[in-house]
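Here are the chains, one letter per residue:
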Amino acid sequence: MADGVRGDGPGAVVVGVDESPTSLRALDYAAGLARRQSGRLLVVHVRGVRPIGPGLDPLAVAVEAELEARRALEAELREEARRLADAGDVEVTFVLRAGDPVRELSAVADEHRADVVVVGASTRPAHRLGGSLAARLVRSCGWPVTVVP
């Protein structure tokens, strides 16, 4: 919360999205939540910061393929957000950020005075060691976090 004050009126629902099935279920859940609250939906995709580009990898073809896959994913997520907006029941904004997902989702929630942050449950075994995005958000942010399985 930027100044610690939230109003009683319609608020913002922030949802983090990627290519995972749980993330896409979280998007549908968040859209319904925003619609029921007459609020806004902020669809946030956070790019990793791993440097990729010509000259940074000896396998330039692989780098170009990764860039193209990233662009395709972002276009697909933007189109899904547009589909929700076209349904007409909720105001939708697609936000593209780069960096740490916890930091960026928190920043968007702060900037828009979110009422809730919604994320999909992690399906990656490695998150048991380092902590899932949801667990890290719960520890670090000042809003309710809803995790969609």
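Numbers given for residues are sequential positions, taken from 1 along each chain in its written order. Since the coordinates come from a predicted model, pLDDT governs what is reported: local features require at least 70, and pairs of side-chain atoms require 80 or more to be given and counted, while whole-chain, interface and lining totals use all residues. To get the side-chain values, take all heavy atoms of the structure and skip hydrogens and water.

Draft legend 1. Quick peek at the pattern of salt bridges. Between Lys or Arg on one side and Asp or Glu on the other, a salt bridge is scored when a side-chain nitrogen of the former is within 4 Å of a carboxyl oxygen of the latter. Scanning the entire structure with this criterion turns up 8 salt bridges. Of the charged contacts, one joins Arg47 and Glu74 as a salt bridge, the two residues approaching to 2.6 Å between their closest N and O atoms. Taken together, the residues span a long stretch of sequence, with Arg47 in strand E2 (residues 40-47) and Glu74 in helix H2 (residues 60-86) at a distance of 27 residues. Residue class for Arg47 comes out partly exposed when judged on its relative accessible area of 29%. Buried means the residue's accessible area, taken with a 1.4 Å probe over protein chains only, is under 20% of the maximum for its type, while exposed means over 50%, and partly exposed covers the values in between. Since its relative accessible area comes to 6%, Glu74 is described here as buried. With its nearest N and O atoms 2.7 Å apart, the salt bridge here joins Arg136 to Asp100. Separated by 36 residues along the polypeptide, Arg136 in helix H5 (residues 133-140) and Asp100 in the loop between strand E3 (91-98) and helix H3 (101-111) bring together distant segments of the chain. Helical segments are the DSSP runs of H or I of at least four residues, strand segments are the runs of E of at least two, and each set is numbered from the N terminus.

Draft legend 2. Focus on unusual backbone geometry. Even without glycine at this site, Ser38 takes up a positive phi of about 55 degrees. Relative to the assigned elements, Ser38 resides in the loop between helix H1 (21-36) and E2. Classification of Ser38 as exposed rests on a relative accessible area of 54%.

Draft legend 3. The packing of H3 against H5, seen in detail. Running from amino to carboxyl end, H3 crosses H5 at an angle of 50 degrees, the nearest separation of the two axes being 10 Å. Our classification of the angle between H3 and H5 gives oblique. Here H3 runs over H5; the crossing is right-handed. Contacts between H3 and H5 involve Pro101, Val102, Leu105 and Ser106 from the former and Leu133, Arg136, Leu137 and Ser140 from the latter. Ten residue types, Ala, Val, Leu, Ile, Met, Phe, Trp, Tyr, Cys and Pro, are classed as nonpolar, four, Asp, Glu, Lys and Arg, as charged, and the remainder, Gly among them, as polar. Here the contact of H3 with H5 is composed, by residue class, of 5 nonpolar, 2 polar and 1 charged. Between the N-to-C directions of two axes lies an angle of 0 to 180 degrees, each axis being a line fitted to C-alpha atoms and, for a helix, fitted only over the stretch in contact. We call two directions roughly parallel when the angle between them is under 35 degrees, roughly antiparallel when it is over 145, roughly perpendicular when it lies between 65 and 115, and oblique otherwise. In this scheme the handedness of a crossing depends on how the near helix is turned from the far one: anticlockwise by less than a right angle means left-handed, clockwise means right-handed. The contact criterion used is simple: two residues touch if any of their non-hydrogen atoms lie within 4.5 Å.

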